[in-house]
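# Breakdown of the fold
What follows is each chain in one-letter form.
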Amino acid sequence: MERAVALVVAAGRGERFGGARPKQYETLAGRPLLHHGLAALVGHPAIAGVRAVIHPDDLALYQSAAEGLDLLDPVPGGANRQDSARLGLESLEELAPEHVLIHDGARPLLPAEVIDRVLRALDRVPGAVAALPVTDTLKREHDGLVAETVARQGLWRAQTPQGFHYPAILAAHRAAAGAELTDDAAVAEQAGLPVALVEGSPRNLKVTTPEDLARAETILTGGGGAQETRSASGFDVHRFGPGDHVTLCGVKIPHDRALLGHSDADVALHALTDALLGALGAGDIGLHFPPTDPRWRGADSAVFLRNASERVAARGGRIVNVDVTVICEAPKLAPHRAHMVARLAELLDLAPERVNVKATTTEGLGFTGRGEGIAAQASATLCLPRRG
Ligand code: MG
């Protein structure tokens, strides 16, 4: 028998959020939102197994949210939250856990000490709910006017996880099937089970709107004020010489000439490397990779870009987005653009939506117009921990 397992209810459609996909799969600090709550529970030493209850249409989204986590197989949810929780509980019957924690998949910032408090309470009561006392003054409204002030003493805002003795909550859910109760504590109350209130956490917010998601992002990435945004640009030019291809953004593109340079002359990666180094306040590419150094003769410029991106990581930062503009009359870059974006995303370990590649000509004017070489400019935005 497992002592405690956790269910994460994530089958909702998140209609209030209004995104392209259910909110539990929106990106939070580079991962699907659901990943964070699952990871908090998987990483807790007192929890023997974690199972998500998902919408059957969301399997592919779930798989990316679950990546790298050791989870029990997900089970499909039902028509509403209460039904989804009941189906999840039914699925745990063969594990026969002593205790079960039920957590909302839209609460990504679950502190380990809240899990501890809920589990500890289950040693003395059959149910326990993480909650916060209401601190705002409460008003009841009627026709747009205050009808009365409601005494807030003794009022709490329920969060999750909500923990229960497993056989008791399973029986309570079976008895309540068909009702539309909004949390599992209400199901327990209906069955007459005593439910304790334990201290939740203000961090443990429920993501309901895009503003909530932005707040969670701020908390997760170090809290407002502790981070700063940095941006810089980079520029580079290489001249044409004899050859049969050019390399741009790490992609080999057939052409009747090649770019000359000490390395592979990837003018786009050089400009982007300089943008990253610029935003870090770390000089330029020539400082770190001098053209006089024979090690860089014919080098794959991916080495330079990766080095700059490792410097960002070493500072505890992350790349928010990058944008590259390649300036030339030929070769035509449109057919290669998707490949270039994919290669940059791979080199920088970024989502492709954070990478942009553009191409332009100079209308036949100047050295690029005369086909003497290719120029590239780039910009990069970083999020870095504030120093000093
Ligand atoms: Mg260069």
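Quick note: structure is the one above.
Attention in this report is confined to the structure presented alongside it. If you're wondering where the values come from, they're calculated on a predicted model, not measured in any experiment.

### Concerning the sheet that holds strand E10 (residues 156–165)
Pairing within the open sheet is mixed, and its seven strands lie in the order E5-E4-E1-E6-E10-E7-E11. Of all the strands in the sheet, just strand E5 (75–76) and strand E11 (195–199) have a single pairing partner and so form its edges. Relative to E10, strand E6 (residues 99–104) is paired through four bridges, and the arrangement is antiparallel. Each residue of the ladder has a partner; that of Val-100, found in E10, is Phe-164. Relative to strand E1 (residues 4–10), helix H1 (residues 33–42) is tilted by about 175 degrees, and along the sheet it contacts E1, strand E4 (49–54) and E6.

### Overview of the packing of aromatic side chains
Summed over the entire model, instances satisfying the criterion amount to three aromatic pairs. Summarising the aromatic geometry, the rings of Phe-289 and Trp-296 are spaced 4.9 Å apart at their centres and angled 80 degrees between planes, so their arrangement reads as edge-to-face. Each of the two residues, Phe-289 as well as Trp-296, counts as buried. Between Phe-289 and Phe-304 the ring centres are 4.6 Å apart and the planes differ by 40 degrees, which places this aromatic pair in the tilted class. Highlighted residues: Phe-289 in the loop between helix H9 (285–288) and helix H10 (302–314) and Phe-304 in helix H10, separated in sequence by 15 residues. Judged by relative accessible area, which is 4%, Phe-304 ranks as buried. Feature note: the residues Phe-289, Trp-296 and Phe-304 constitute an aromatic cluster, connected by ring pairs. Sitting over the face of the ring of Phe-240, Arg-257 holds its NZ or CZ atom 4.6 Å from the ring centroid.

### Section: the pairing of strand E17 (residues 355–360)
Successive side chains on a regular strand alternate, one facing one side of the sheet and the next facing the other. The sheet contact formed by strand E16 (residues 318–327) and E17 spans six bridges and is parallel. By the bridge assignment for E17, Ile-327 is matched with Thr-360. Note that the unit made of E16, helix H11 (residues 337–348) and E17 has a crossover that is right-handed.

### Examining the coordination of the magnesium ion
Coordination of the magnesium ion by the protein is provided by Asp-236 (OD), His-238 (NE2) and His-270 (ND1), with metal-donor distances spanning 2.1 to 2.3 Å. Look at where the donors of the magnesium ion fall in the sequence and you get D-x1-H-x31-H. Of this pair, His-238 sits in strand E12 (residues 227–242) while His-270 sits in helix H8 (residues 267–280), placing them 32 residues apart in sequence. Take His-238 and His-270: they sit in the same class, and that class is buried.

About the criteria used
- Residues numbered from 1 in each chain as written.
- Predicted model: local features only at pLDDT ≥ 70, side-chain atom pairs only at ≥ 80, totals over all residues.
- Heavy atoms only, no water.
- Pairing = 2+ DSSP bridges.
- Helix = DSSP H or I, 4+ residues; strand = E, 2+ residues; numbered from the N terminus.
- Contact = heavy atoms within 4.5 Å.
- Axes fitted to C-alpha atoms, helices over the stretch in contact; angles between N-to-C directions.
- Phe/Tyr/Trp six-rings, centres within 6.5 Å; stacked < 30°, edge-to-face > 60°.
- Buried < 20%, exposed > 50% of the residue type's maximum accessible area, 1.4 Å probe, protein only.
- Lys NZ or Arg CZ within 6 Å of the ring centre and 35° of its normal.
- Right-handed = clockwise from strand over helix to strand, strands pointing away.
- Donors = N, O, S within 2.8 Å, 3.2 Å for Na, K, Ca; no water.

None of this, on its own, says anything about what the molecule does.
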